[in-house]
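Topology and contacts: notes
One letter stands for each residue in the lines below.
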Amino acid sequence: CMNYMLPASYAWGNFSVLAVGIWAIVQRDSLDAIVLFLTGLLLTVLTDIIHISVFYPAHDHLGDTSRFSVGMAIFSLLLKPLSCYLVYRMYRERGGE
């Protein structure tokens, strides 16, 4: 994903959600951190779909590095529902309703 095919907003969005996720894991008693992390994950699912669909290059201009980058971005997108489910379980364990 870092091959400059996707815009900088893709990387900034995912890295900021990663930072919130680290905060949510460190602050074990904070329910706000886990809610913010779950909201960020759900939002990045939507923005990742938009980024990949809008900035996907034409097939004849797709090199090996670009193909790998797109593959990893799609793989990350496919793993996000599982991450959302696990974060929701953490939310329920911390006392969320």
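Criteria and thresholds
- Residues numbered from 1 in each chain as written.
- Predicted model: local features only at pLDDT ≥ 70, side-chain atom pairs only at ≥ 80, totals over all residues.
- Heavy atoms only, no water.
- UniProt positions renumbered as here; feature names shortened; annotations may be inferred.
- Core = buried A, V, L, I, M, F, W, Y, C linked by side-chain atoms within 4.5 Å.
- Buried < 20%, exposed > 50% of the residue type's maximum accessible area, 1.4 Å probe, protein only.
- Helix = DSSP H or I, 4+ residues; strand = E, 2+ residues; numbered from the N terminus.
- Contact = heavy atoms within 4.5 Å.
- Axes fitted to C-alpha atoms, helices over the stretch in contact; angles between N-to-C directions.
- Parallel < 35°, antiparallel > 145°, perpendicular 65-115°, else oblique.
- Left-handed = near helix turned anticlockwise from the far one by under 90°.
- Nonpolar A, V, L, I, M, F, W, Y, C, P; charged D, E, K, R; others polar.
- Expected span 1.5 Å × (residues − 1).
- Polar contact = N/O pair within 3.5 Å; in protein donor to acceptor, adjacent residues only side chain to side chain.

The name an unreviewed UniProt entry gives the chain is ATRAP protein, with Xiphorhynchus elegans as the organism. Here is the UniProt Subcellular location (unreviewed entry) comment for the chain, exactly as written: "Membrane".

Details of the nonpolar core
Residues Val17, Ala24, Ala33, Ile34, Phe37, Leu38, Leu41, Cys84, Val87 and Tyr91 constitute the largest nonpolar core, which totals 10 residues. Looking at this core, the elements that each hand over two or more residues are helix H1 (8–26), helix H2 (31–55) and helix H3 (64–93). The biggest single contributor to this core is H2, with 5 residues. Residues contacting Cys84, with those up to four places away along its chain left out, are Leu38, Leu41 and Leu42. In this structure, Met5, Leu6, Val70 and Ala73 belong to the second largest nonpolar core, which totals 7 residues.

Describing the packing of H1 against H2
Helix-helix packing is described using two parameters, namely the angle between the two axes and the distance between the axes. Remark: H1 packs on H2, axes separated minimally by 9 Å, with the N-to-C direction vectors making an angle of 160°. On the basis of their axis angle, the class for H1 and H2 is roughly antiparallel. With respect to the hand of their crossing, H1 and H2 are arranged in left-handed fashion. On H2, the residues touching Ser9, Tyr10, Gly13, Asn14, Val17, Val20, Gly21, Trp23 and Ala24 of H1 are Ala33, Ile34, Leu36, Phe37, Gly40, Leu41, Thr44, Asp48 and His51. Of the residues belonging to the contact of H1 with H2, the class tally is 10 nonpolar, 7 polar and 1 charged.

Observations concerning H2
In this model H2 runs 36 Å from its N-terminal to its C-terminal C-alpha over 25 residues, within 8% of the 36 Å that 1.5 Å per residue would give. Taken as a whole, H2 has its buried residues at Ala33, Ile34, Phe37, Leu38, Gly40, Leu41, Thr44, Asp48, His51 and Ile52. At its buried positions, H2 is contacted by H1 and H3. Between the side-chain oxygen of the N-cap and the backbone nitrogen of Ala33 there are 3.2 Å, and the N-cap of H2 in question is Ser30.

Some remarks on the side chain of Asp48
Within the secondary structure layout, Asp48 lies in helix H2. Asp48 gets classed as buried once you look at its relative accessible area, which sits at 2%. In this structure the side chain of Asp48 is engaged in a polar contact, spanning 2.6 Å, whose partner is the side chain of Lys80. When sequence neighbours within four positions are dropped, the list of residues in contact with Asp48 reads Tyr10, Asn14, Leu77 and Lys80.

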